[in-house]
Structure formats: structure tokens, C-alpha cells
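Secondary and tertiary structure notes
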Amino acid sequence: MKHFRVFFVILSFLIPSLISSQVKLKELPPTNSNGIENLLYGSSSIRKVTNLEKGWKVYPLDNPSNAVSITVPSNFEGETSLVYERTLNFSPEEYNNFKFKLHFLGVNYYCEILINNFIIYKNSTDIPFDVELPKDLIKPNFDNVLSVKVSFKLDSENTIPFKQRFLGPKDLGGIIRNVLLEYVPDRNAELTNFNYSIDSYSRTKLNCSVKLDLAKRGADSTGRQSNYSVVLSLTGRNKTAPDFRAEYPVSYSRNAYTTDLSMELTNPDLWRPDNPNYYTMKVQLISGGQVIDESEKRISFYDLSISNSKVMLNGSEYMLAGTTYYISNSYYGNIISLYQLREELTAIKNIGFNSVRFAQAVPNPIALRICEEIGLFAFVELPVNSLPGEYARNQNFLNQAKSFLNLFLDKFGSYSSICAIGTGSSYLADSNEQTSLIETFAGIIKARTNKPVYASFTGFPTEPVKGIDLYGIELFGKPVKSLADDFSASIKALGKGRIFISEATYPVYKGISSGYVNEFSSEGQAQYFSDMINYSTDNSIGGYFINSLYDYAGDFASLFTSYNAAKDYNVGVLGKDKNEFSLPYKVLFSKLHDNEKVTIPIGTKKDDSKIFFILVALGLSVLMAALINTKRKFREDCSRALIRPYNFFADIRDHRIMSGAHASILMVILLGSLALLITIVLYFLKSNILLEKILLAFGSRRLTSFVSYLAWNPLQGLIIIFILIGIKFAVVSLLIKAGSFFIKTKVSIQNIMFTIIWAMLPFVLLIPLELVLYKVLMMNAANLYIYIFLIVFQLWILQRILKGIYVIFDVRPFAVYFYSLLIIFLLAGGIVLYYQFSNSAIYFIINAFKQYALM
């Protein structure tokens, strides 16, 4: 069975499909989604909001006959184009008295909205957007066809987010969030924006922008009235009577216009995570004493201020304590039900966190309303991660990012639960180019909102960035105590109140062990977060975010968090089974609630080296010893091939007697030695962030999955690598044979193979090293020198192979070296250039090295 499994793995990774892969559609299981309308748009006696969850069908763009029924939200795997379609039917009364506005909470990624085959809107982000249905394109008592053409393909430069994201959430195409239909009266008043200022926490001034459309459309023109007024009222949570109310006369106009209104509020209830007092703000349009339009929105009042020394909430010192949160499941991807969303955010609240950071993705508007309701600050951000420095000079990217950010602020700027807006994550702390870009983004946010602005860095920033209030530091498994000097430098330069840990990632792939001395165990994670919280509170920094309470899935298989076929990232405190009895959960709960200390066992350190490394190396050594002792001539051949390779290759050219059996056994030993060497190095680098980021730079899911599988499954990896090296050996032999057609000297394929086998003989010398190589690498004492040695050793082998070629073909050495190196250079250069033009690989690799140097 194991051999079949290995064979299947090779096929699945290396052999591309000969037919187009079938599109996989995913929709949520039937759940009660009632309440979404009220969460987002309140309850109105005039307006009606309908959740367009059912009644859809979907089909490939080029094959309408292949339609299937589906609900939304739903998504699909693959880079393709699909059409979602349903009908909308309006009665004559609705048609004559209402406008119809579609609220798309998220379509990923490119989409066109059509009504009765007329394009009425285009969008190229998954930011929520609204579309009003043109009355001249729809009919009453008619099945008007609503079509949504969706295309999904992320790339490395022209989409936000990028294709390559380190530990980024799973991104799938489709209508990934709800679609709502709102019936808006012809004459209406729409709250478009609001802001407030708090004066001494006893008086609050609320400023509102209300868009008025007072002209009655159609044959009935009774809209010409002069006694219009707008009523603003605020009702506290769980109250029936308004706490504040004001009425404002407005003038009639045939054209829609916006008016600015303000209210003075005395002693409003201020919102806090431990006491989430929000208000329902009702906007009513009055004409002739009658309410002709009514809409509702939630609003909360609080004052979160950042200074060099501390974070203040409503006049009291405060520490932000939170977790990152991703809507990303290995099966359902980026869609989620209202029930599960509320359940997961409630669990975040129950453990004791007061904040949640929606990292590397556009947040779900429903999640933001739930945060406001249960008492969680929301950190939202531009979903830009690990931006290469070259992009900061790219005007096309800059324009696209500005446009995206402005759209983002249009839709999310007025959500009260959002306490801070970020410019992105994994910026280089010492990059002037990226600092300039951050300042540009921060300037846009500051001009549009009065909320604090943050940026998340790889490394420790020590220079102020204009417009940034909070400086986030990303941690990846490195003990906080070992970074104390770096933290101190940032605190001294920027102020402890402005420094916060934006994400602390500690993967768990060893499960439960004897204690925290075993890294990446459950106990190790508990100790890591305990130390991080202790450091944060002892030094009174602005706050901290763990990454994350839940495991989540990504687009790329990870080395850092361990390989699994589902591409789940094993970083969650609760784990896959959401176990609230796990030690990390208990420790966090105790810390966040100031409960009695939870003991974390120290334990004894376990050795994770693989015994089969030693067994295979011993087996190869024994086999080589037996082979050497079979014949005296074989021993002499080994000595001559190592010490005087030119003379030995000349013997092969002159058809001196060579044992095919001995050479074949030697080939197996050499392939085994090389395969074992690569397996050991890969296993040692199995959780190396730099290697993962380099692989990510190429933007190939197949490549990252394959290397991750080899690194985390060393036994299967050894077999696969052995087979691949054998295939490479045969291919190189055939290529050399093909090259011989251009010269006069003819050499048999057998002699070519003999030459390559004996040229690789020095790999035998590495077998004793392979017995202890993993142990030596784990010491981290001379790893750089080991890597340099192995690279030089490989170059020596290449030189021996090229020497063998020019000897057996009796040609000039310069020609062999020149053309061989030219072919290698063109082949490697062609691959790199291909990935550079398609995925900006070089830019991301350079950025990966810069990031790793700062970690």
C-alpha cells in the first residue's frame, strides 16, 4: 500500500491533468439566516429588505445549458468564470412606489451585474457594493433576470490581495457573502455618513450627512411639498423610547442633494467591550405629518486615543487584547453561515479578548455588526501582505491601491465597531520605500476618517511614520524574551503606547507532549502566549494579538505550520476540534480573566530525529563496503575515479572492461546517498519560514505542496526523491547522447551512464556525514558553513561530470564547459524569468530575504 501511495503522490504533484478540471461548487448547509437584514439595515416600517439567498442557478460562462441550482453565499475552486442567475418579480404597486437597491456584501473577484442582459455595474474587488436597478430596464409582473458574471484569478501585481500571501486565508471565487434587496421609497432620506466628537465625556456632538431625494417619480407628482422634515432619533440598546430626538426642516428640490445635520447629546452611554452600549439611529422623512421613509443604522460612541505612553478608552488607560480572525475553512473556504460567525466571534469574546483583527482580507460586514453587539473592537486593514519594495515605485500599483483603499473606506468607514484601520501587514521595518507607501495610505485614511491608523511590520520599527498611530510587530515562534532588546529600541523611539504585537504566531504540530521544552507542542504554545502576555502587561505596550484562536485554511500548503493535504494552518489555540479544555486555552482564559495561574509542565525534551536516517546511511555504508570487497579491480577503479578522474574516464572512452553489475549497484548507492542528503536537509528545513517564502514567491500551489509534503514526510520523501533523481539521471544521459549527434565521436549510452555514475562517486564520501548530519544541523553551530560546503560539493560533482563528457567524446574542454553552462544558465534563467513575468518571483524572493533578516 505504501508503494501505491508514493506513486499516487508523484502523479498528483508532477503530472498535469490532461483534461480540464471540473469546477467544484460549495454552498453552505441549510441554516437559519434570519436576522441578517436587521443586523445590517435595522427594522423599518417603510422599507423592506429581502435576503436573496435562494432561487439562484449557476453555470459556466460558455455553457448555459449546464446550469445547477445553488444558494448564496457560495464559492467555487479554480480560476474560471461562472454566471449566477435568478429572477426578480415586482408588483405594479412596488414598481410605482419604490426604488430597488441591491446590496452585494462580497463578490470575489471580477464581476459584472446584468439586469435583463444589460450591464449595469462592474466591480473588481470583494469589497461590498450597492447597485440600484434602473427602472427603465425592469418591468412589473415580469421575471426580470438578474445575472452576476464572476471571474476569479488572483495575480501577483494587479489584484488586492496578491496571489502570494504568507499564511494568508483561503481565497475562492463566487458570491461569497449575502445579497440583499432593499425596497427604497421614491421619496427618501438616506444617511450616508456620520462622525462625532466627545467633549469631556458628558457632551457629544453628532454630525450626519443625509442624502435627500424628494421628487416623486412617475405620473403621480404629489412629491411637491414644502413641509418636508428629517427626524433623527437615537434609542439605546434594549430600550423602546428614544434617548435623543431632533427634527430638521428641509427644502424641496427636484434633484437629489445632501444636507449636513448635527445633534448635541448630553451624557450618552459610552460603548466599551465590557459594556457594549450601542444606539439605533433612526432616520425618518416626514411630509404632511406622515412618515414617508424610515431607515435605521447602529452607532456607538467611544473615545479611543493613542499617545506615546498609553492607549486610552473613554478617559481610562486601556490595553488591547485580541486575536486575528479569518473566515477560511478547508472545505467551505471563504463562506460562513450567520450561526457559525456569531458562534466563533462569541467564543473570542468569552475567552476574554476585547479586540479582533480581520487580517489579510476584507471583513464581512455582518461580523462587524456582531462585534459591536457583543463587545469586540474590530481592526480592519488594506489586505496587502509582504509587499515587495519594487511595488512602492510602481505607479500602476499605487493608483490601484489608492482606489481600493478609497472604496474600502467608503463601505467601512462608518462602522462603529471599527476602532482602527490598517495600511497592510508584513512591511519591512527598515525600508524607506515601504515607509513612503505607508505614509501615502495613512494620509488617505486620515483624510477620510478620525480613527487611529496602524501598520504591521516584520522587524522592529525605530523611526516614526507620518500618519501612523500604532506600530504592529509580527512574531513567528521566536521567544519574546529573546527579543527584549529589539522591543526596547522600538519603545524608546516611538513610545510604549504606540507599540503593539499585531500577530504572534506559534504553530502546534507536535500535539500534547511532556512539557513546554518541546517546541511547537501544545504546552509550548501555552508557555509562548503566557510569556507574550506577561511581557506586554509588564511593559505596558499598547496591546497584543495572537494568531489565532482558530486553525484556518490557506491557498498554499505551509512548511512553517506543517504539511497537510487540506492546507490547514495549525496555529489555533482551540485546534481543529475547538477544544476549550486544551492547555493553551486554559492559560489564555486565566490570563485574560486574571484567574488563578495555570501550571504549564516543563517536561523533558524529545528528539525528533528520524532513526531511519541512520538506518539508511548504515545500510548504504554496508552495501558500499560489500561492493568494494567483491573485487580488487573495483577498489582500484574507485581510487582512480576519485584521484585521477581524467585517466579513469579515458579508460571508459577506450572501452576498458567495466562491470555493468558493479556500476548498477554503485548507481543505487549514489542515488540513495544523494536522496538521503536532500531528505535530511529538507526535514531540517521543514518549518523554515525563508524556504516557505521563497517557494511562495513562485506562486505555484503545486510546487509548495510538493516540497512541503517531501519535507514533512521524510520516509515517503526519500523514496520519491530517489525515483526523481533516477529519472533525472536517465534524462541527462539521453540528453548527452542526443548532443553527441553534433560531433563525430560516437559514444554508447552505456558508456555515458558509466561516466555519470563514476563522476558522482564522491557522494559515497558523504554517507558517514549523513549518519550525523541532522544532529549537527540541529545544533545550529555551523549551518551556514555546511550549506556552503554542500553547494561547493555539488559544483565539484558537476565539474567531474563535464570533465567526463569532454574526455569520453574527445572534444575540447572549453566547448563542453561553455555550452553546458550556457544550457544550464538558459534553462535556469528561462524558468526564473517565466516566474518573474508571471508572478514577480524575483521581487518576492528579494523581499523574503529582507524579511527573514529582520525576524
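The structure contained in this document is the topic of the report that follows.

Conventions used here
Residues numbered from 1 in each chain as written. Predicted model: local features only at pLDDT ≥ 70, side-chain atom pairs only at ≥ 80, totals over all residues. Heavy atoms only, no water. Helix = DSSP H or I, 4+ residues; strand = E, 2+ residues; numbered from the N terminus. Buried < 20%, exposed > 50% of the residue type's maximum accessible area, 1.4 Å probe, protein only. Contact = heavy atoms within 4.5 Å. Lys, Arg positive; Asp, Glu negative; His and termini not counted. Charge placed at Lys NZ, Arg CZ, Asp CG, Glu CD. Pairing = 2+ DSSP bridges. Axes fitted to C-alpha atoms, helices over the stretch in contact; angles between N-to-C directions. Salt bridge = Lys/Arg side-chain N within 4 Å of Asp/Glu carboxyl O. Core = buried A, V, L, I, M, F, W, Y, C linked by side-chain atoms within 4.5 Å. Right-handed = clockwise from strand over helix to strand, strands pointing away. Expected span 1.5 Å × (residues − 1). Arc of directions from axis to C-beta. 1 Å grid on protein atoms, 1.4 Å probe; cavity = no way out; pocket = protein on both sides within 12 Å on 5 of 7 lines; lining within 4 Å. Points joined across faces, edges and corners; volume = space filled by probe spheres on them. Nonpolar A, V, L, I, M, F, W, Y, C, P; charged D, E, K, R; others polar.

1. Thoughts on the overall build of the protein chain
Counting secondary structure elements, the protein chain contains 22 helices and 35 strands. For the C-alpha atoms alone, the extent of the protein chain along its principal axes is close to 115 × 65 × 50 Å. Counting only residues that meet the buried cut, the protein chain has 55% of its 855 residues in that class. If you take every contact in the protein chain between residues at least 6 apart in sequence, the share linking residues at least 24 apart comes to 74%. Distance between charge centroids for the protein chain: 8 Å, based on 83 positive and 71 negative side chains.

2. Description of the sheet that holds strand E22 (residues 304-306)
With respect to topology, three strands assemble into an open sheet ordered E22-E23-E24, the strand pairing being antiparallel. In the strand order of this sheet, the two ends are held by E22 and strand E24 (316-318), each with one partner. Strand-to-strand, the axes of this sheet are offset by a mean angle of 35°, without reference to chain direction. Note that strand E23 (residues 311-313) and E24 share three bridges and pair antiparallel. When the sheet's bridge partners are listed, Leu313 is paired in E24 with Ser316.

3. Section: unusual backbone geometry
Along the chain, Asn108 connects to Tyr109 via a cis peptide bond; the corresponding omega equals 15°. Assignment of secondary structure puts Tyr109 in the loop between strand E8 (107-108) and strand E9 (110-115). Residue Ser548 follows Asn547 across a cis peptide bond; omega there is 15°. Secondary-structure assignment places Ser548 in the loop between strand E33 (543-547) and strand E34 (552-553). One non-glycine residue, Leu167, adopts positive backbone phi at about 55°. With respect to the secondary-structure elements, Leu167 resides in the loop between strand E12 (144-151) and strand E13 (174-175). Even without a glycine there, the phi angle at Asn780 is positive, about 55°. Looking at the element boundaries, Asn780 is found in the loop between helix H19 (767-779) and helix H20 (783-808). By relative accessible area, which is 56% here, Asn780 ends up exposed.

4. Brief notes about the side chain of Ser673
Note that Ser673 resides in helix H14 (residues 660-684). Taking the relative accessible area as the measure of exposure, Ser673 reaches 1% and is therefore buried. With residues near it in sequence (within four places) discarded, Ser673 still touches Leu620, Phe763, Leu766, Ile767 and Glu770.

5. Things to note about the pattern of salt bridges
One pass over the structure, following the stated rule, counts 33 salt bridges. Across the pair Lys282 and Glu296 runs a salt bridge, and its minimum N-O distance is 3.7 Å. Here the residue Lys282 occupies a position in strand E20 (residues 278-287), and Glu296 occupies one in strand E21 (residues 290-300), the gap between them amounting to 14 residues. With a closest N to O distance of 3.9 Å, Asp555 and Arg701 form a salt bridge. On the criterion of sequence distance, the pair formed by Asp555 in the loop between E34 and strand E35 (568-569) and Arg701 in helix H16 (residues 701-712) is long-range, its members being 146 residues apart. When salt bridges with common partners are traced through the structure, they connect Arg47, Glu182, Glu190 and Asp293 into a single cluster.

6. Structural notes on the nonpolar core
Core analysis: the largest hydrophobic core is formed by 126 residues, its most contacted members being Trp56, Tyr84, Val148, Tyr325, Leu475 and Phe487. The element contributing the most residues to this core is helix H6 (residues 395-412), with eight residues.

7. Observations regarding the pairing of strand E32 (residues 499-505)
Summarising burial for E32: seven of the seven residues are buried, a large majority. Note that strand E31 (residues 470-476) and E32 share six bridges and pair parallel. From the neighbouring strand, Glu474 faces E32, where its bridge partner is Glu503. Taken together, E31, helix H8 (residues 484-494) and E32 form a β-α-β motif whose crossover is right-handed.

8. Digging into helix H22 (residues 841-854)
When the terminal C-alpha atoms of H22 are compared, their 20 Å separation across 14 residues agrees well with the 20 Å that a helix rising 1.5 Å per residue should span. Within H22, the full set of buried residues consists of Ala841, Phe844, Asn847, Ala848 and Gln851. The arc that holds every buried residue of H22, seen down its axis, measures 125°, which confines them to one face. Each element contacted by the buried residues of H22 is listed here: strand E29 (427-428), helix H7 (432-448), strand E30 (453-458), helix H15 (689-697) and helix H21 (813-839).

9. Observations concerning helix H18 (residues 749-759)
Most of H18 sits inside the fold, with eight of its eleven residues counted as buried. The complete set of buried residues in H18 reads Asn751, Ile752, Phe754, Thr755, Ile756, Ile757, Trp758 and Ala759.

10. Quick word on empty space enclosed by the protein
The final tally for this structure, using the stated rule, is four cavities of 30 Å³ or more. Looking at the largest cavity, its volume works out to about 240 Å³. As for the largest cavity, its lining consists of 20 residues, of which Arg177, Ile327, Asn334, Ala361 and Val362 are closest to the centre. Of the residues assigned to the lining of the largest cavity, the class counts are twelve nonpolar, three polar and five charged. As a volume, the second largest cavity reaches approximately 90 Å³. Forming the walls of the second largest cavity are Gln164, Arg165, Phe166, Ser386, Lys693, Leu696, Ala697, Phe844, Asn847, Ala848 and Gln851. Along the lines of polarity and charge, the residues of the lining of the second largest cavity split into five nonpolar, four polar and two charged.

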